[in-house]
Structure formats: structure tokens, C-alpha cells
Amino acid sequence: MKFGGTSVGTGENIRQVSGIVSQYSKEYRVTVVVSALAGVTNKLLEVACQAKKGDEKLVKNFTGELLQKHKEAVVSAIVSDPLQKEVNQIIEKIVAELEKVLTGICYVGELTAKSKDYVVSFGERLSAPIVWGAIQDRNLETQCFTGKEVGIVTDSNFGEADPLMNFTMHLVHEKLCPLLEKGVIPVVTGFIAANQDGVVTTVGRGGSDYTATILGVALKADEVWIWTDVDGIMTTDPKIVSTAKLLPQLSYQEAAEMAIFGAKAMHPRALGPVSKENIPVRIRNSFHQENQGTLITKEPVADTKKIVKAVAIIKDVAMLNVNGAAMVGAPGSYAKVFEVLGRNNINVMMISTAASEANISMIIKRGMLSRAISNLEIALLEKEGLVNEITAEDDVVVIAVMGAHMKGTLGLASKIFDIAAKKGINIRMIAQSSSELNISFVVKEKDGTEVVRAIHEEFSLSKA
Ligand code: ADP
Ligand code: ASP
Ligand code: MG
């Protein structure tokens, strides 16, 4: 069971989480994965960037507030006095360590990907002991671990690390199975792991989902449950369309198409490990346990047969255009562009090229944009002369329309683009994968929610 940031957002919510764990542990063996308290990861990243500028006072204020926030959560999450004291001591120690790290960044004036991972790891390191305390408070046997302690070993791609799956499976199995057999409930920090040298890594934003599925596979779990603040995966973000409908069942492939396109309901790579092993995943609402949520399996039984099932908006992206007459008819020229991006750990989320071959448009994470432009410029504009212009737009979003029955349905793309045209919205880029499960296009950020609402409406996604 993985509990997301809002599910552990306050002390009361953590108490509720321990209730859920207690209830299900009567029937099942449960391993718990926790995210940081809502908002804490963002704040840690923000302060780490400011610390680089040497603002020591800001660091002190921040760590003070962070300690306060977590201590407040302890008060309502845990009833027993001695337990409260024990957890508070753990938290104080961790915050003191964080203060040292941030002060160090102030002095060095440098924030590497490695130190950034170390800083953000504190969010989960602080939430897990409180959840552990709240479970213990209900007289259950429980033990708290970081991802590193439990044996999740990754490569050294800081910020987006990937597990070395065979090694991890062996270590996690060895560590947790004997405890589960004894009836102990392990509480594990999501999101954070370590490379082979023991240096802390993170598996990407929203990565606690990924931690949960990695552990699910290592423990040969019957199911992985992702507890969150919505009823499950919906036809679109319920924050954009309030009548969005729950999708009771999805295949791994459909859910992956939605998640990859950052519907935020799940980490993009989280379904990889479980789909190979055929372990079902349930997305459930920790505030409405009575609901069954979304069940993700290989072949859903109750399929709606709807052509379009859902529409997602992916924010925080940028469009990068590489133009060069020298690329036309030159085998290997695209490879050179992607090689430069790959070498610099820049993930390309979407690609589109013209048959003229003189232009490639790509979507990447917005935060990677300056790194991408500068590296492409050095490697291709200056050295090779392959490219004569690199341009970018950082005020765009991707709209992804998806559904398993879109495959082979004629006229769908024209219908979608017609909807945008009727609203006077200009489409900047288009891509459809050969899987035909997904049509994605790029519009200006200011038009994003309007086009999502229009597509949701036109395809009657609010209706069964
Ligand atoms: P958690 O903290 O539990 O990991 P996230 O914030 O990562 O939760 O993801 C849940 C949020 O994802 C929801 O609150 C919702 O606003 C958003 N979301 C976006 N698209 C969808 C969708 N299609 N279905 C459900 N939730 C979605
Ligand atoms: N706390 C991390 C994040 O905000 C991981 C997660 O919540 O899944 O990205
Ligand atoms: Mg999440």
C-alpha cells in the first residue's frame, strides 16, 4: 500500500492511514510505502535552489518551519506520549541533518543533481517515522526503513534513477520477507533509493508509486494499492472537469499511456515492473474507502468499449525545434540530435518530424530546456554545422487523448483537431504512436484547460 502526499498531508490524515493499514493487516500481509507530506518535496527543491545563493537565514527559517509542521502532525497522528516523544526525537535529528546539508550548499554555492537528490530525500525521511509511529500506536508490530535500507539499488542517474531490478529484488526479498512472515508491517520511504556506492538517489517526481510497484514485484505481492486523494483514474483531471468520471478498469497499456503523459495520477514508469509480473494495481481514495477505485490489469473484464476513454493535460513541458537544411537526406542526422540529448540525460517525451526532414520538434521537461539548447548548440550548431537553428517554446502543454478502441477508428484525429479549431485554438505539434492508443498534440498553455474541457464534452466522457 502506497500513500501519496495528500493522504499523509496532516496528522489527522496520517491517523486515518494507520487505520486503513490496521484494518487490512487483519486479513493481509501489508507493506506500506509513504510519500512526503503534501507540498514538502516542492518546498525542499525551492529552498535548495535558494540556498545556492548563500541565504543562510532562509535555511534556518525553513528548517524551523519544517520541524514545526512535522511535530504538529505527530500530535494528531499519535496518541501515546512516549511514542510521540520517540518520533519527535527522530524527526529533530533528521531536520538537524538537513540544516547542515542546506548550510553546506550555502557555503559551497553549488547544487549538483546529486546533492539535490540528497536534499529532497528528507521529505520522505520525515514522513515515514510519523506513519510508523501512528501504526505502532495501534498496537501493531512495525518497522521503518528508507528505500536504501530496504535494498532498492539504482543507477546513478540522479533525479530520474532506475532500479537495478535483479539486485534490488534479491535484497528487498531478503530484508522484508522474514519480517512479513513474523507479522511485522514494514513502512518504507517512497521515492528515494541509493546507487551501488550507497549514495542517495531519487526515482523521479511522483516516484513513490514506482517504489511501491518495485517492492510489489520483489515481494511477489498479490496486489499493489495506490491510495490517493481522488477516487481512481478518471476520464480527466477532476480539478479541470468536475464531472470527470471514474474509470473502474484499465489495462496496463492504457494506464501507462495516461501516466506517461503525466496525468499525474501515477509515476510514468511505475507500471513497468508490475505489468511484467501481472500484478494487479488498484488506485483508491484514502478519504473514501467505500469506493473500489480503478483496477489495472492485463485484460480488464468490464471494458466500456468507448473509443476515447480519457484526456490528459501534461504541464511543465517545453517544445524544442531543431532546424537544419543539412539534415535533409543525411542518414544518421536525427540520431546525432538524440545522441546529444541522451548523453545529457534529457528525456524526449514526444517527437514529430516533417517529411521534408529539415525540422524535428520535440517535447521535453521544461526544467531541461536550457540544458538541451546549450548542449545541442555546442555539439551540432558549432561543431558539425548540421543544424542552423534551434528554437524553443516554454509556454506549451501536451494534450493526450487516449483509449484502447481508438485503434483503426477512422476520422478520430480530424474530429479532435476540429474541436480545437472551433475554439480558435492553434495546434503547435502533433504525434500519434503506431500503437494508436493515444493521439497527442501541443497547444499554448493558456489554451490547455479549455481544449481539455471541450474534448471531454464532445466525446461525452462524463456519461457512462
Ligand atoms: P499523490 O500525492 O497521492 O501521489 P498526485 O497529486 O500525484 O497524488 O496525483 C493525484 C492527482 O492527480 C489528483 O488529485 C488529480 O488532480 C490529478 N489527476 C490528473 N489527471 C487525473 C486523472 N485522469 N485521474 C485522476 N487524477 C488525475
Ligand atoms: N514526494 C515525491 C514527489 O513529490 C514523491 C511522491 O510523492 O511520489 O515527487
Ligand atoms: Mg503522486
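Structural data are supplied above this passage.
Residues numbered from 1 in each chain as written. Chains lettered and ligands numbered in written order. Predicted model: local features only at pLDDT ≥ 70, side-chain atom pairs only at ≥ 80, totals over all residues. Heavy atoms only, no water.

Q: Report on the sheet that holds strand β6 (residues 192–195), specifying residues and quantitative values.
A: Read across the open sheet, the three strands follow the order β4-β6-β7; overall the sheet is mixed. Both outer strands of the open sheet, β4 (153–154) and β7 (200–202), are each paired with one neighbouring strand and no more. Pairing of β6 with β7, which is carried by three bridges, proceeds in the antiparallel orientation. Counterpart to Ile192 in the pairing with β7 is Thr202. In the packing of helix α5 (residues 113–136) onto the sheet, the strands contacted are β6 and β7, and the crossing angle to β7 comes to about 80 degrees. (Pairing = 2+ DSSP bridges. Helix = DSSP H or I, 4+ residues; strand = E, 2+ residues; numbered from the N terminus. Contact = heavy atoms within 4.5 Å. Axes fitted to C-alpha atoms, helices over the stretch in contact; angles between N-to-C directions.)

Q: Please provide a residue-by-residue account of helix α8 (residues 208–218), values included.
A: With 11 of 11 residues buried, α8 is to be regarded as a mostly interior element. For α8, the full list of buried residues reads Ser208, Asp209, Tyr210, Thr211, Ala212, Thr213, Ile214, Leu215, Gly216, Val217 and Ala218. In the stretch just after α8, Lys220 is the one whose phi turns positive, near 50 degrees. (Buried < 20%, exposed > 50% of the residue type's maximum accessible area, 1.4 Å probe, protein only.)

Q: So, the site of ligand 2: which residues are in play, and what are the values?
A: If you check the shell around ligand 2, you find Ser35, Thr41, Glu124, Phe191, Arg205, Gly206, Gly207 and Ser208 and nothing else. Contacts to ligand 2 include Thr41, whose side-chain N or O atom sits 2.7 Å from a nitrogen atom. Arg205 places a polar side-chain atom, nitrogen or oxygen, 2.7 Å from an oxygen atom of ligand 2. Here ligand 2 has 260 Å² of accessible area as a free molecule, and 86% of this is covered by the chains. Here the shell around ligand 2 is built from residues that sort into one nonpolar, five polar and two charged. (Near = heavy atom within 4 Å. Polar contact = N/O pair within 3.5 Å; in protein donor to acceptor, adjacent residues only side chain to side chain. Areas by Shrake-Rupley, 256 points an atom, 1.4 Å probe, with all protein chains shown as cover. Nonpolar A, V, L, I, M, F, W, Y, C, P; charged D, E, K, R; others polar.)

Q: Can you break down helix α14 (residues 448–458) residue by residue, with the values?
A: Considered for burial, the residues of α14 that qualify are Gly448, Val451, Val452, Ala454, Ile455 and His456. On its buried face, α14 sits against β12 (310–323), β15 (389–402), α13 (412–422) and β17 (438–444). Just downstream of α14, Ser460 is the residue with a positive phi angle, here 50 degrees.

Q: I'd like a rundown of the packing of aromatic side chains, residues and numbers included.
A: The final tally for this structure, using the stated rule, is eight aromatic pairs. Residues Tyr24 and Tyr28 carry aromatic rings whose centres are separated by 6.5 Å and whose planes lie at 25 degrees to one another, so their mutual orientation is stacked. Ring geometry for Tyr28 against Trp225: centres 6.3 Å apart, planes inclined by 70 degrees, an arrangement best described as edge-to-face. Of this pair, Tyr28 sits in the loop between α1 (11–25) and β2 (32–34) while Trp225 is found in strand β8 (residues 224–228), placing the two residues 197 residues apart along the sequence. Overall, Trp225 belongs to the buried group, its relative accessible area being 11%. Every member of this aromatic cluster is reached through a ring pair, and the members are Phe3, Tyr24, Tyr28, Trp225 and Trp227. Sitting over the face of the ring of Phe122, Arg125 holds its NZ or CZ atom 4.5 Å from the ring centroid. (Phe/Tyr/Trp six-rings, centres within 6.5 Å; stacked < 30°, edge-to-face > 60°. Lys NZ or Arg CZ within 6 Å of the ring centre and 35° of its normal.)

Q: Hey, could you go over unusual backbone geometry for me, with residue numbers and the actual values?
A: Residues other than glycine predominantly adopt negative phi, and peptide bonds predominantly adopt the trans conformation. A positive phi angle, near 60 degrees, is found at Asn139, a position not held by glycine. Tracing the backbone shows Asn139 in the loop between α5 and β3 (142–145). The exposure class assigned to Asn139 is exposed, which follows from its relative accessible area of 72%. Positive phi, close to 75 degrees, is recorded for Phe191, a residue that is not glycine.

Q: Kindly report on the sheet that holds β12, identifying the contributing residues and their values.
A: Pairing between the strands of a sheet comes from backbone hydrogen bonds, and it takes one of two forms, parallel or antiparallel. In spatial order, the strands read β13-β14-β12-β15-β17-β16; together these six strands make up an open sheet with antiparallel pairing. The strands lining the two open edges of the sheet, one partner per strand, are β13 (348–353) and β16 (429–432). Between one strand axis and the next, the sheet turns by 30 degrees as a mean value, whatever way the strands run. Where β12 lies against β15, 11 bridges are found, and the strand directions are antiparallel. Within β15, the position partnered with Ala310 by the bridge is Met402.

Q: Describe in detail the packing of helix α2 (residues 40–51) against α5, supporting the description with residues and values.
A: Helices that pack against each other are described as a pair by the angle of their axes relative to one another and the distance between those axes. At their nearest, the axes of α2 and α5 sit 9 Å apart, and the two run at 150 degrees to each other. Looking at the two axes, α2 sits roughly antiparallel to α5. Note that α2 runs across α5; the crossing there is right-handed. Residues Val40, Thr41, Leu44, Leu45 and Ala48 of α2 form the contact with α5, whose participating residues are Lys116, Val119, Val120, Phe122, Gly123 and Glu124. Looking at the contact of α2 with α5 residue by residue, the classes come out as seven nonpolar, two polar and two charged. (Parallel < 35°, antiparallel > 145°, perpendicular 65-115°, else oblique. Left-handed = near helix turned anticlockwise from the far one by under 90°.)

Q: Could you give me a rundown of the pairing of β12, with the residues and numbers involved?
A: By the criterion of burial, β12 is predominantly enclosed, with 12 of the 14 residues buried. Examined bridge by bridge, β12 and strand β14 (residues 359–365) share seven bridges and lie antiparallel to one another. Residue pairing for β14: Val322 is matched across the bridge by Ile360.

Q: Any details on the environment of Gly39? Residues and values, ideally.
A: Mapping Gly39 onto the fold places it in the loop between β2 and α2. What makes Gly39 partly exposed here is its relative accessible area of 48%. In this structure, the C-alpha to C-alpha distance between Gly39 and Thr6, residues 33 residues apart in sequence, is 8.6 Å.

Q: Hey, could you go over the nonpolar core for me, with residue numbers and the actual values?
A: Core analysis: the biggest nonpolar cluster contains 52 residues, and Phe3, Val32, Leu102 and Val131 have the highest contact counts within it. Put simply, the parts of the chain that give this core at least two residues each are α1, β2, α2, α3 (56–77), α4 (81–108), α5, β5 (185–189) and β8. Aside from chain neighbours lying at most four places away, what touches Leu102 is Val47, Ala48, Ala51, Val59, Phe62, Thr63 and Val119. Residues Leu176, Tyr210, Ile226 and Ala255 belong to the second largest nonpolar core, which totals 39 residues. (Core = buried A, V, L, I, M, F, W, Y, C linked by side-chain atoms within 4.5 Å.)

Q: Just give me the short version of the pattern of salt bridges, but keep the residues and values in it.
A: If charged atoms from side chains of opposite charge come close, those side chains can pair. One pass over the structure, following the stated rule, counts 18 salt bridges. With its nearest N and O atoms 2.7 Å apart, the salt bridge here joins Glu223 to Arg282. Of this pair, Glu223 sits in the loop between α8 and β8 while Arg282 sits in strand β10 (residues 281–285), and the two are 59 residues apart along the sequence. Among the salt bridges present, the one from Glu339 reaches Arg343, with a minimum N-O distance of 3.0 Å. Of this pair, Glu339 and Arg343 both sit in helix α11 (residues 333–343), separated by four residues, roughly a single helical turn. For Arg343, a relative accessible area of 52% translates into the label exposed. When salt bridges with common partners are traced through the structure, they connect Glu160, Asp162, Arg269 and Lys365 into a single cluster. (Salt bridge = Lys/Arg side-chain N within 4 Å of Asp/Glu carboxyl O.)

The analysis is restricted to geometry; functional conclusions fall outside its scope.
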